[in-house]
Amino acid sequence: MDNRPIGIFDSGVGGLTVAKEIIKTLPNENIVYFGDTARVPYGAKSKDVVTKYSKQIVRFLLTKNVKAIIVACNTVSSNSLDALRRTFDIPFIGVVEPGVKSVLETTKNKRVGIIGTEATIRSGMYGRLIHDADSTIEVFSKPCPLFVPLAEEGWYDNDVARMTAELYLDELISCGIDTLLLGCTHYPLLKHCIGETIGEAVKIVDPAKNTAEALRIILEKNNMLNDGSEKPTNIFYVSDITDKFEKICLKTLKKTYTPAKIDIEKY
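Residues numbered from 1 in each chain as written. Predicted model: local features only at pLDDT ≥ 70, side-chain atom pairs only at ≥ 80, totals over all residues. Heavy atoms only, no water.

Topic: the packing of helix 9 (residues 159-173) against helix 10 (residues 191-198)
In helix packing, the relevant descriptors are the interaxial angle and the interaxial distance, both defined with respect to the helix axes. Heads up, the condition is: Structural elements are reduced to axes, namely lines fitted to C-alpha atoms, with helices fitted over the stretch in contact, and the angle between N-to-C directions of any two is expressed from 0 to 180 degrees. Per the convention used, a helix needs a DSSP run of H or I reaching at least four residues, while a strand needs a run of E reaching at least two, with both numbered from the N terminus. Working rule for angles: under 35 degrees goes down as roughly parallel, over 145 as roughly antiparallel, 65 to 115 as roughly perpendicular, anything else as oblique. In this scheme the crossing of two helices becomes right-handed for a clockwise turn of the near helix relative to the far one and left-handed for an anticlockwise turn of less than a right angle. Contacts are assigned to residue pairs that have any heavy atoms within 4.5 Å of one another.
Their axes nearest at 9 Å, the elements helix 9 and helix 10 cross at an angle of 45°. Of the possible angle classes, the one that applies to helix 9 and helix 10 is oblique. The interaxial crossing formed by helix 9 with helix 10 has right-handed handedness. For the pair helix 9 and helix 10, contact is made by Ala161, Arg162, Ala165, Glu166, Leu169 and Ile173 and by Cys193, Ile194, Glu196, Thr197 and Ile198, respectively.

And the structure:
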C-alpha cells in the first residue's frame, strides 16, 4: 500500500474532467492537482515550450511527494510524455493511449473523428496509434483551438460556443464518422454543445474514464493503492487565480475548491 497522493496536471481547468473520473474510480486516493492557468492554452505553443512547462510542473508535483502523475493534457501527452518519462523516475499516465483504447471499443463503421488543439493534431499521435492497432480505421482530424478559451471562460453552451462548434464540426460530419474523440481534456466541458452539433448518430468518446482505469491497473499491479485508512484529501494549485477555477470545480466535481497560487517558474 502507498498513501502518497496522485499528481494531476493540465494547462488549465480541462484536467478537472480527468480528476473527476479518478475520484470516482479510486475514491480512497489523495489528489494534488496543478492547473497552469497563467500560461493556458498550450495548443498553439511549440513542442519545446510545452516540454519545458511540463518539466517545471512535474518538478513542483514531486515536492508534494506524489506516487504517480496523470498528464491530463492531450497537448503534453502527445508531444512531451516520452521526454518526461526519460527525465523523471515516476509512473506517468497520459490521456492519448486511453483515448485510442476508447475509440477502438466504440467505432463500428471505422470512420473516426479526432478533435484537439493545434499541437495535438499536428503531432499525429492519435492517428498513428489508431492505425497501429487497426489499419482499416479511417481517421479524420480537426484542430479546434477556440474550444479551450471557451471552456476556460465558462462559455459551454451559449450562441458563441454553438456557432464555433458548427464551424469546426461540419467538415467532420460530412466525412460520415460514427465516433468523435475529444482529444483535449477541456472539450468535455462543452460536450453538450458538441453533441448537439455532431448529432445523435455519432458517439462521443472522452478518454477520462479509460485514463482513470489505466491508473487503477498500474497502482494495483505495483501494490500502490491507498489503504483507505484516512479520509482522502484533494488539493489544488494554479499559476494564476481567477474566480473561474472555483466555478468550473463546482460544475465538474460538484464541490467548490479554493486553489493556492504558486510561482511555477521557480521550478
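What follows picks up the thread again.
Description of the sheet that holds strand 4 (residues 92-93)
For sheets, the rule is that strands pair by backbone hydrogen bonds, running either parallel or antiparallel. The test is simple: Paired strands, in this sense, are two strands between which DSSP finds at least two bridges.
Read across the sheet, six strands follow the order 4-3-1-2-9-10 without closing on themselves; strand pairing throughout is parallel. Each of the sheet's edge strands pairs with one partner strand only, and the pair in question is strand 4 and strand 10 (260-261). Here helix 2 (residues 47-62) sits on the sheet in contact with strand 1 (6-10), strand 2 (31-35), strand 3 (68-71), strand 4 and strand 9 (234-238), set at roughly 155° to strand 1.

Concerning the packing of aromatic side chains
To keep things clear, this is the line we draw: Centres within 6.5 Å are what make two rings of Phe, Tyr or Trp a pair, Trp counting through its six-membered ring; a difference in plane orientation under 30 degrees is then read as stacked, over 60 as edge-to-face, and the rest as tilted. Only protein chains enter the accessibility calculation, which uses a 1.4 Å probe; a residue is then buried when its area is under 20% of its type maximum, exposed when over 50%, and partly exposed in between.
Applying the stated criterion to the full structure yields ten aromatic pairs. Judged by centre distance (5.6 Å) and plane angle (45°), the ring pair of Tyr33 and Phe236 falls under tilted. Residue Tyr33 is located in strand 2, and its partner Phe236 is located in strand 9; the two are separated by 203 residues in the primary sequence. Tyr33 gets classed as buried once you look at its relative accessible area, which sits at 0%. Taking relative accessible area as the criterion, Phe236 reaches 4% and is therefore assigned buried.

Let's talk about the side chain of Lys67
For clarity, the cut-off: For this analysis, a polar contact is any N or O atom pair within 3.5 Å, provided that within protein one partner can donate a hydrogen and the other can accept it, and provided that sequence-adjacent residues contribute only side-chain to side-chain pairs.
With respect to the element layout, Lys67 can be found in the loop between helix 2 and strand 3. Classification of Lys67 by relative accessible area gives buried; the value is 2%. Among the polar contacts made by the side chain of Lys67, one reaches the main-chain carbonyl oxygen of Asp2 at a distance of 2.5 Å. From its side chain, Lys67 meets the backbone oxygen of Met224 in a polar contact 2.6 Å long. If near-sequence neighbours (up to four positions away) are discounted, Lys67 is found in contact with Asp2, Arg4, Pro5, Ile6, Glu29, Ile90, Pro91, Leu219, Met224, Leu225 and Asn226.

Details of the pairing of strand 1
The condition is simple: Note on handedness: a crossover is taken as right-handed if, strands pointing away from the viewer, the path from the first strand over the helix to the second is clockwise.
Burial within strand 1 is extensive, with five of its five residues counted as buried. Here strand 1 shows two buried faces, one formed by Ile6, Ile8 and Asp10 and the other by Gly7 and Phe9. As a crossover connection, the stretch from strand 1 through helix 1 (residues 16-25) into strand 2 is right-handed. Two elements, strand 1 and strand 3, share four bridges in a ladder whose sense is parallel. Bridge pairing in strand 3 links Ile6 to Ala68.

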